[in-house]
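Fold and contact review
Chain by chain, the residues:
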Amino acid sequence: MKSNKFIAAAVAATLALSSCESRQEQYEQDLLDACNVKIMSDNYVKTTATSSCTGLDTSFTVDFGVAYVVNIGNLPGIDDVRYDEYEFYAMLDGRKVKGFQNLKDQISEGTQGIIDGNINVQLSGHTDLAVYLLHENMYKAQFFVENGNGQLFELQLNEVY
């Protein structure tokens, strides 16, 4: 009878230890999962141009989204975005895209500066957490963060609004 109680106690202790480990692992996974990408999609630049010679209207609009990282501090090796090294980027058609790279040919530098200033305010000065994507590329992109130790994390697109 004593050996049955001992076995039962050993099994209970093992289960308790493994459940603590699995809770810790689940907690760590939940932190990683909380780091994701959101896209502010209702952005556009409209350029109005009319030829002074012909009167031809050559106006156009560039629709784009601003993808940004949420909860980047949950990733290993990134405790403070002000001091830690990291790189946020999108992979699009096999190329790494950072910042305004996806819009360079569509939007002038001056306009990019105005947009960047507005986004800078919304991201508390951390425009390195943003990637600007044409509307047609928002759902095609994959998002990644690489920390200063070279660890690479793929982030899920969580919301487009």
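Look up a bit, the structure's there.
Residues numbered from 1 in each chain as written. Predicted model: local features only at pLDDT ≥ 70, side-chain atom pairs only at ≥ 80, totals over all residues. Heavy atoms only, no water.

1. What about the sheet that holds strand 3 (residues 86-92)?
Stated precisely, the cut-off is as follows: Here the rule is simple: two strands pair whenever DSSP picks up at least two bridges between them. Numbering goes from the N terminus for both helices and strands, where a helix is a DSSP run of H or I of at least four residues and a strand is a run of E of at least two. Think of each axis as a best-fit line through the C-alpha atoms, taken over the contacting stretch in the case of a helix, with angles from 0 to 180 degrees between the N-to-C directions.
Strand order across the open sheet formed by four strands is 4-3-6-7, with antiparallel pairing between neighbours. Where the open sheet ends on each side, the last strands, each with one partner, are strand 4 (95-97) and strand 7 (152-155). Each adjacent strand pair in this sheet contributes to an overall mean axis angle of 35°, direction not counted. The sheet contact formed by strand 3 and strand 6 (residues 142-147) spans six bridges and is antiparallel. Each bridged residue has a counterpart across the sheet, and for Phe88 the counterpart in strand 6 is Val145.

2. Topic: the environment of Tyr139
The cut-off we apply is this: Residue contacts are defined here by distance: any two heavy atoms, one from each residue, within 4.5 Å place the two residues in contact.
Residue placement: Tyr139 occurs in the loop between strand 5 (130-134) and strand 6. In this structure, the C-alpha to C-alpha distance between Tyr139 and Ile39, residues 100 residues apart in sequence, is 9.9 Å. Apart from the residues within four sequence positions on either side, Tyr139 is in contact with Leu157 and Val160.

3. Examining the nonpolar core
Within soluble globular proteins, side chains that are nonpolar tend to cluster in buried spots. In plain terms, the rule: As used in this record, nonpolar core signifies buried Ala, Val, Leu, Ile, Met, Phe, Trp, Tyr and Cys residues forming a set joined through side-chain atoms within 4.5 Å. In this scheme, a residue with accessible area under 20% of its type's maximum is buried, one over 50% is exposed, and one in between is partly exposed, where area comes from a 1.4 Å probe on protein chains only.
If you look at the biggest cluster of nonpolar residues, it comprises 22 residues, and the most contacted ones within it are Val69, Ile72, Leu75, Leu133, Phe143, Val145 and Leu155. Taken together, the elements giving at least two residues each to this core come down to strand 1 (36-47), strand 2 (60-70), strand 3, strand 5, strand 6 and strand 7. Other than its neighbours up to four places away in sequence, Val145 contacts Val69, Ile72, Leu75, Ile78, Tyr86, Glu87, Phe88, Gln151, Leu152, Phe153 and Leu155. Among the nonpolar cores identified, the runner-up in size contains 16 residues, and Tyr68, Leu103, Ala130 and Tyr132 belong to it.

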